[in-house]
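This is what each chain is made of:
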Amino acid sequence: MAAPSSARGPTDGQLRILAGFALAAAALQLVAAVVVELAPPRALLHAHALGARWTYMLIGAVVLAGVGGWLLRERPRLSVLFAVGTFGLAFAYLEGQVGVLTLAIHGEPIAYHFLALLAAALSLSITAGWLRDPSFGRARALPFALASIAALLLLAEHFADLWPGALGWSRSEALRGLARTAALCTWPVAAWMAWPRMREVSARFVPLLATFLLTFRVVAAGPEGLLGATVVQPSASWLGGAFVLVALATATAMRPRVELAIHAIVGIASLGACLLFLWLYYGAYGSVEDGLADILRSLFAFDVPLPYGQQPGWWKPAVVMVGIFFLLYTVYASIVSGRERWRGVALALMCLAGLNLVSPYLVLVLAAGGLSFVAASISPGPPSSAETRAQAISEAFEGVARRLGLEAPIVVSVGKHELLKIAGELDRVAVDLRARTGGKRAMVELSVGVIGDQDAPVALVWDPGEHGQRPAHPVASNYRIEGEVRMLEELGDRGYDAIAAFRGAQMHLWEAGAYVTLANDDPAVDTDRLESLIRVTVRSAGVG
């Protein structure tokens, strides 16, 4: 998705952070639910009696970890170390004081309230970004309208238990059906809108596969399927088979690109998880099924059959586990891969939401995951003619000059060409922005700070693929690094987001300067992206 500037909306990197927080909240909520469901009644009463103040302390640590990680986001490794360390130390201390069950029983409701708000915010942020981008055409209003309807109705239904007097209207079957219909249509409509700009043909079909599986689930459950009715036999067997086929097709379409050793490690880890699940199912059945039945039904939308040899269909869970293996493998490998990480997070959100259509907050998570996957698959900038591009560059230069407080661009006509130039200082750093338009070629060059006489110590070079050294950022799918990686750390995620908005750009960095060229046929030159690029390079030059 083209990343708008922070002045007009969240950037691509900020959307990824929202998705990451949503995934963490969903995973923690699921773990807390499992812990609570498996606990004996006496332990639950004791944990509840200890009160919620310990959980509030853990939430305070989570907030501190999140705020600290955000403030340190320009140093990703330090940010992750601070966030994980803060949460880990707080959890270890509180677990020693009151145990995991106390934290889980009081923290689960808070987690799914937070998750509902976060998923709604993610969906609206993504669709609002498309709404502000005229290159998507008139259809861009449809995903935003659907996401808004779904968010409004599902949030009202979710919080109706807290405020039944004010929000009781949201529980009517008509509005619940409308909310789920709007939510399930968000990502198919978004994929239809963005189809020409989705960067990989195979990835285009993943949102459609999810749509097929959800549609199958609704139809198989009968008239109440849209409201979350459980699928019963024999339709449940067909739904299980459809799930396995969709999982295989998704893994084939995604094909995460990581090193062979990573493939092996992820495959072994996924297989180990599946074998553990099967061992629990066949070995511990009789002691855990009562607690986990609701969770499994929530994920798969049907009742898991009994694991006894004399029970018809006892082997079916093992077949379903094949689909789970491929989904786990695809999600893990995608998250590990730098170029596929956001799509991996999006797919993980959809998997954690499962086929549940009863809980409004999980429907919100499902829609947020689907929209995130489409957003992560969109290439920046549609094709445009030379005349359109020349006009866009001229308007972008004028807009940048106004926003940065620089003098208006100087325009010089040379035959069929026009030369545009903006020169000045921003934060005491020299800025020189030039462009040549007209004819079939249009060039844009940016010089910031002090350009050295020797070759740049490091460069970010357009090179779609996997070879060479790649940054730890989704921009790695299109850019490789030449030179000293350390100097690129000064750019941070905002720097990578800024360069990712362009196709075919080249960035060369010195200790106190930068030189950037944009591709002749890149249509992604507008005021927002150009301003973001200038500010990032100026900050880098100022630090250097």
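Refer to the preceding data block for the structure.
The structure contained in this document is the topic of the report that follows. Fair warning: this is a prediction, and the values are worked out from it, not measured in the lab. (Residues numbered from 1 in each chain as written. Predicted model: local features only at pLDDT ≥ 70, side-chain atom pairs only at ≥ 80, totals over all residues. Heavy atoms only, no water.)

## Digging into the pairing of strand S5 (residues 458–462)
- Across the 5 residues of S5, 4 count as buried, placing the element largely inside the fold.
- Where S5 lies against strand S6 (residues 479–483), 5 bridges are found, and the strand directions are antiparallel. Looking at S6, one finds that Leu460 is bridged to Ile481.
- Where S5 lies against strand S7 (residues 506–510), 3 bridges are found, and the strand directions are antiparallel. Paired with Ala459 across the strands is His508, a residue of S7. (Buried < 20%, exposed > 50% of the residue type's maximum accessible area, 1.4 Å probe, protein only. Helix = DSSP H or I, 4+ residues; strand = E, 2+ residues; numbered from the N terminus. Pairing = 2+ DSSP bridges.)

## Points about the side chain of Thr250
- Summarising the element assignment, Thr250 is placed in helix H10 (residues 235–254).
- Judged by relative accessible area, Thr250 falls into the buried class, the value being 4%.
- In contact with Thr250, not counting residues within four places along its chain, are Val206, Leu209 and Leu347. (Contact = heavy atoms within 4.5 Å.)

## Some points on the nonpolar core
- One finds Trp130, Phe243, Ile324 and Val374 to be the most contacted residues of the largest nonpolar core, which totals 90 residues.
- Of the residues forming this core, the biggest block, 13 residues, is contributed by helix H15 (residues 360–376).
- Once residues lying within four places of it in the same chain are set aside, the contact partners of Phe243 are Leu213, Phe300, Val320, Gly323, Ile324 and Leu327.
- Residues Val458, Ile481, Ala505 and Leu533 belong to the second largest nonpolar core, which totals 43 residues. (Core = buried A, V, L, I, M, F, W, Y, C linked by side-chain atoms within 4.5 Å.)

## Comments concerning the environment of Ala368
- Along the polypeptide, Ala368 turns up in helix H15.
- You can call Ala368 buried: its relative accessible area is 1%.
- Sequence spacing of Ala368 and Ser123 is 245 residues, and the spatial spacing of their C-alpha atoms is 4.9 Å.
- Beyond its immediate sequence surroundings of up to four residues, Ala368 is in contact with Ala119, Leu122 and Ser123.

## Section: a nonpolar patch on the surface
- Side chains of Val63, Val67, Trp70 and Leu71 sit close together on the surface and give an oily, nonpolar patch of about 380 Å² of accessible area.
- The residue Trp70 is located in helix H3 (residues 53–71) in this model.
- A relative accessible area of 32% places Trp70 in the partly exposed class. (Patch = residues over 30% accessible without salt bridge, like charges linked within 9 Å, V, L, I, M, F, W, Y side chains within 5 Å. Areas by Shrake-Rupley, 256 points an atom, 1.4 Å probe, with all protein chains shown as cover. Salt bridge = Lys/Arg side-chain N within 4 Å of Asp/Glu carboxyl O.)

## Observations regarding the environment of Gly504
- You can see Gly504 is positioned in the loop between helix H18 (492–500) and S7.
- C-alpha separation for the pair Gly504 and Trp462, spaced 42 residues apart in sequence, amounts to 5.2 Å.
- With residues near it in sequence (within four places) discarded, Gly504 still touches Trp462, Tyr479, Thr517 and Ala519.

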